[in-house]
Amino acid sequence: MSGVRRNEDEVRRMLETSRPQVPAELPARAARRGARLLRRRRVLRRLWLVAAGAVVVAFTVWAVMVQPWQAPPAGTTPPLDGW
């Protein structure tokens, strides 16, 4: 008997046997757990977006206040010759 044929026979035997009983409350518990997981993911996603938005706002405010794209002022003035 080939390996494929043996696997098919095992699958057929498993499908012909009676299925185990599922507790009556299992689908309701699974639905509650799934809803809880979805709520948790949604809340975490929103918190992440709020945190990212706060970082962007803080960086923008800092950049406007400090203006890092401008050259810093010179520490000394150039000498005045010819006066």
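Details of the structure are given in the entry above.
Residues numbered from 1 in each chain as written. Predicted model: local features only at pLDDT ≥ 70, side-chain atom pairs only at ≥ 80, totals over all residues. Heavy atoms only, no water.

### A few points about the packing of aromatic side chains
One pass over the structure, following the stated rule, counts one aromatic pair. Consider the rings of Phe59 and Trp62, whose centres lie 5.7 Å apart with planes at 35°: the pair is tilted. Placement of both Phe59 and Trp62 in helix α2 (residues 26-66) is noted, with a separation of three residues, approximately one turn of the helix. Phe59 gets classed as exposed once you look at its relative accessible area, which sits at 53%. (Phe/Tyr/Trp six-rings, centres within 6.5 Å; stacked < 30°, edge-to-face > 60°. Helix = DSSP H or I, 4+ residues; strand = E, 2+ residues; numbered from the N terminus. Buried < 20%, exposed > 50% of the residue type's maximum accessible area, 1.4 Å probe, protein only.)

### Section: the pattern of salt bridges
Across all of its chains, the model carries three salt bridges by this definition. Taking the shortest distance from any N to any O, the salt bridge between Arg12 and Glu8 comes out at 3.9 Å. Residue Arg12 and its partner Glu8 are both found in helix α1 (residues 3-16); the two are separated by four residues, about one turn of the helix. Residue Arg12 is classed as partly exposed on the basis of its relative accessible area of 47%. Residue class for Glu8 comes out partly exposed when judged on its relative accessible area of 36%. Note that Arg29 and Glu25 form a salt bridge whose closest N and O atoms lie 3.5 Å from each other. For Arg29, a relative accessible area of 42% puts it in the partly exposed group. For Glu25, a relative accessible area of 41% corresponds to the partly exposed category. One network of salt bridges, with partners in common, ties together Arg5, Glu8 and Arg12. (Salt bridge = Lys/Arg side-chain N within 4 Å of Asp/Glu carboxyl O.)

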